[in-house]
Amino acid sequence: MLMTSTPGTGSRVYLLNLDQVNCVHHSMKRIHIRWGVLRLIIGCALVIIILYKLIDIESRRNDYKYTVTSDQQTKYPNPRGTLKDESVIATRKMRIRKLLQLSAQSLLEANMHIRSSKAKGAMLKALDLFKNVLKEFHIDVPSRNRKSNSTCPEVYHGTSFGYPFFHTGFAFENCKNRVPVEDLVSIIIICQESHHTPLSVDKLVRSIQVHNRNVSVIVAIASSKKPSDFKQLGNINIVCFGHEVSPGAMLNKFASLVSTKYTLIARDLLRLDRDSHIERMVREIEGLNASVVGGATRDENGYWRKGCHQMVYQNYTLVLQDGYTMSLHECIQCDFIEGPFLIQTELFKNVRFDEHIIASGFMEDFFLRLQHEHHATSFVCPDTMFYVAKQLTNLHKDDWKMFGRKWNMRRIILSMGQEINIDCPIDYKCLFWKGFSVSPCCLEELASLVKFIMESCRKRNPNGQKTVLQLVVK
């Protein structure tokens, strides 16, 4: 493409030869680096840097000679003239041990988030080698397994214990450090008017009073009626809010009312019963050192879902895939939790929900920010069951528009295979950065321009002879 200027007109003239049009397509290709491989490179680089530091410190130690006499220790400085003593060397040893532990912990975290099978295998091999390095230095190998400080451990009584409903197959042992659930957890329930009638709300309230009598609960109902203030029924507060208010805004408002260490957030919950093992969720959020722990769901038709999804956001496309790649303590690791989940209240207040996303996507946005900005780790424990209203997948692209445009998405692929295309805004600005893939909106704009040029050339010269088209851009 050649560009010339027309004197005195202030316009730019583009001369485009049709033989060069085919080159436009090839210039739009970019190479995308997978995050799994990038994490692997960073992990290996950390190992190399730490080993280099160890060798450097050991060589410096050899530069010092200590002569111990009966009354004092004579020190000989290294060629640089810096004096060292045993206390400094001991401090450095402690720092090296800490660096090794932190590096191993980082490799362990990276291994949990890698999706590619080849990168996963390479990371596991690097992690095993690093564990051998830790053993050589007599350093404890890091692990996610921790002891809960608030709950008692469980004991399994066998396959026949608790027959026929098996509610007591696992039983709590007696311990002194147990903290009552009502002192640890507050519950926030968001209900849609389409899923809840006054009768279903009454059943929900009664189930809470039976199984979680002393736990502080807030039930927020999205209603077309006039919003109401809090109505208190013992430990339960019920409030109605209008459809013009986003669920994220209500959750942020209720966050300021929570004073417990953990918060259970549930959407369209029908009842709470003995299958909702909230105390087990507390044990796992502390034992796994997790940020979020969720449970499986079952709707009124009896359909059971574990509600664990993996999220991959790349090339302007968000892909949600049902399933998991790692499990610990009979809980599975997830990027997005579909059902009710227990979260650290401090994290809940810091991250906050997006109040501008009124329709679909406010929960996906919350977990995306947990993952990308706070590096949070989430698990689902399927043996914790919540009974919820049947969730219908919203496929209207207008309802996903605010969420998609916030993250600059062009496509959203849901776990059941449904695809949602987000329209490009009219005022979309195309920014071309070296080494980054071009936005699909910009590619569509460029393709429309090429199509317009080809169509104009066809009309101008229907015989198919070579021609030069002059475009004037004001």
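Remember, predicted model here, so these are calculated numbers, not experimental data. (Residues numbered from 1 in each chain as written. Predicted model: local features only at pLDDT ≥ 70, side-chain atom pairs only at ≥ 80, totals over all residues. Heavy atoms only, no water.)

Let's talk about the pairing of strand E16 (residues 317-322)
Worth spelling out the cut-off: What makes two strands pair is DSSP finding at least two bridges between them. Counting from the N terminus, the helices are DSSP H or I runs at least four residues long and the strands are E runs at least two residues long.
In terms of strand pairing, strand E15 (residues 308-314) meets E16 through six bridges, oriented antiparallel. When the sheet's bridge partners are listed, Tyr313 is paired in E16 with Leu318. Count of turn residues in the E15/E16 antiparallel hairpin: two residues, of which Asn315 carries a positive phi of about 50°. Pairing between E16 and strand E22 (residues 411-413): three bridges, direction parallel. When the bridges of E22 are listed, Thr317 appears paired with Arg411.

Description of the confidence of the model for the chain
Predicted coordinates in regions of low pLDDT should not be interpreted in detail. Basically, it comes down to this: Each residue carries a pLDDT score, the predictor's confidence in it, ranging from 0 to 100. Residues count as neighbours in contact if any of their non-hydrogen atoms are within 4.5 Å of one another.
When pLDDT is averaged along the chain, the result is 75; 69% of the residues meet or exceed 70. The low-confidence segment residues 1-34 (pLDDT under 50) makes 53 contacts with residues lying over four places distant or belonging to another chain. Overall, residues 62-83 carries pLDDT values under 50, and its contacts beyond four positions in sequence, including any with other chains, amount to 27 contacts.

Considerations on the packing of aromatic side chains
To be explicit about the condition: Whether two aromatic rings pair depends on their centres lying within 6.5 Å, for rings of Phe, Tyr and Trp, where Trp uses its six-membered ring; planes under 30 degrees apart make the pair stacked, over 60 edge-to-face, and the rest tilted. Only protein chains enter the accessibility calculation, which uses a 1.4 Å probe. A residue is then buried if its area is under 20% of the maximum for its type, exposed if over 50%, and partly exposed in between. Only when the NZ atom of a Lys or the CZ atom of an Arg is both within 6 Å of the ring centre and within 35 degrees of the ring normal do we say a charge sits over the ring.
Using the criterion set out here, one finds nine aromatic pairs in the structure. Ring plane angle 25° and centroid distance 6.5 Å describe the contact between Phe341 and Phe366, whose orientation is recorded as stacked. Remark: Phe366 occurs in helix H9 (residues 362-372) and Phe341 occurs in strand E20 (residues 341-344); sequence separation between them is 25 residues. Given the relative accessible area of 1%, Phe341 is considered buried. Taking 4.1 Å as the distance between ring centres and 15° as the angle between the ring planes, the aromatic pair formed by Phe353 and Phe366 counts as stacked. Taken as a pair, Phe353 in the loop between helix H8 (345-351) and H9 and Phe366 in helix H9 lie far apart in primary sequence, 13 residues in all. Geometry around Tyr387 places Arg271 over its ring, the cationic atom sitting 3.8 Å from the centre.

So, the sheet that holds E22
Put simply, the rule is: Axis definition: a line fitted to C-alpha atoms, limited for helices to the stretch in contact. Angles are taken between N-to-C directions and run from 0 to 180 degrees.
Pairing in this open sheet of five strands is mixed, and the strands run E19-E15-E16-E22-E23 from one edge to the other. Pairing within the sheet leaves two strands with one partner each, and these edge strands are strand E19 (336-337) and strand E23 (419-421). Here E15 pairs with E19 via two bridges, running antiparallel. The partner of His309 across the bridge, within E19, is Phe336. Strand contacts of helix H10 (residues 397-406): E16, E22 and E23, with the helix running at about 70° to E23, the strand carrying the most contacts.

Overview of the nonpolar core
Stated precisely, the cut-off is as follows: What is meant by a nonpolar core is a set of buried Ala, Val, Leu, Ile, Met, Phe, Trp, Tyr and Cys residues, joined one to another through side-chain atoms within 4.5 Å.
By size, the foremost hydrophobic cluster in this structure holds 45 residues, and its most contacted members are Phe341, Phe367, Phe403 and Ile412. It is H9 that provides the largest number of residues to this core, a total of six residues. In this structure, Ile412 is in contact with Leu318, Trp400, Phe403, Gln418, Glu419, Ile420 and Ile422, ignoring residues within four places of it in sequence. Core analysis: the next-biggest nonpolar cluster, separate from the first, contains 34 residues, Val215, Leu269, Phe386 and Val388 among them.

A few points about the state of the cysteines
Disulfides are covalent bonds that connect the sulfur atoms of two cysteines. Here is the rule we go by: For the purposes of this analysis, a disulfide is any pair of cysteine sulfur atoms at a distance within 2.5 Å.
Summed over all chains, the structure comprises four disulfides. Residue Cys152 pairs covalently with Cys175 via a disulfide, S to S 1.8 Å. On the sign convention where negative is left-handed, the bridge of Cys152 and Cys175, at about -90° about the S-S bond, is left-handed. A residue pair is termed long-range when its members are at least 10 positions apart, and Cys152 in the loop between helix H4 (117-136) and strand E5 (154-156) and Cys175 in the loop between strand E6 (170-172) and strand E7 (185-192) qualify at 23 residues. Judged by its relative accessible area of 3%, Cys152 falls in the buried class. What pairs with Cys308 in a disulfide is Cys334, and their sulfur atoms sit 2.0 Å apart. Looking along the S-S bond of the Cys308-Cys334 disulfide, the torsion reads about -120°, which is the left-handed sense. Of this pair, Cys308 sits in strand E15 while Cys334 is found in strand E18 (residues 331-334), placing the two residues 26 residues apart along the sequence.

A word on the side chain of Asn235
Just so we agree on the cut-off: In protein, a polar contact means a hydrogen-donor-capable atom and an acceptor-capable atom, both N or O and within 3.5 Å, with residues adjacent in sequence counting only if both atoms are side-chain atoms; elsewhere, any N or O pair within 3.5 Å suffices.
By secondary structure assignment, the location of Asn235 is in the loop between strand E9 (228-233) and strand E10 (236-241). A polar contact is formed between the side chain of Asn235 and the backbone oxygen of Val215, at a distance of 2.3 Å. In this view, Asn235 contacts Ile208, Asn212, Arg213, Asn214, Val215, Ser216 and Val217; residues no more than four positions away in its chain are not counted.

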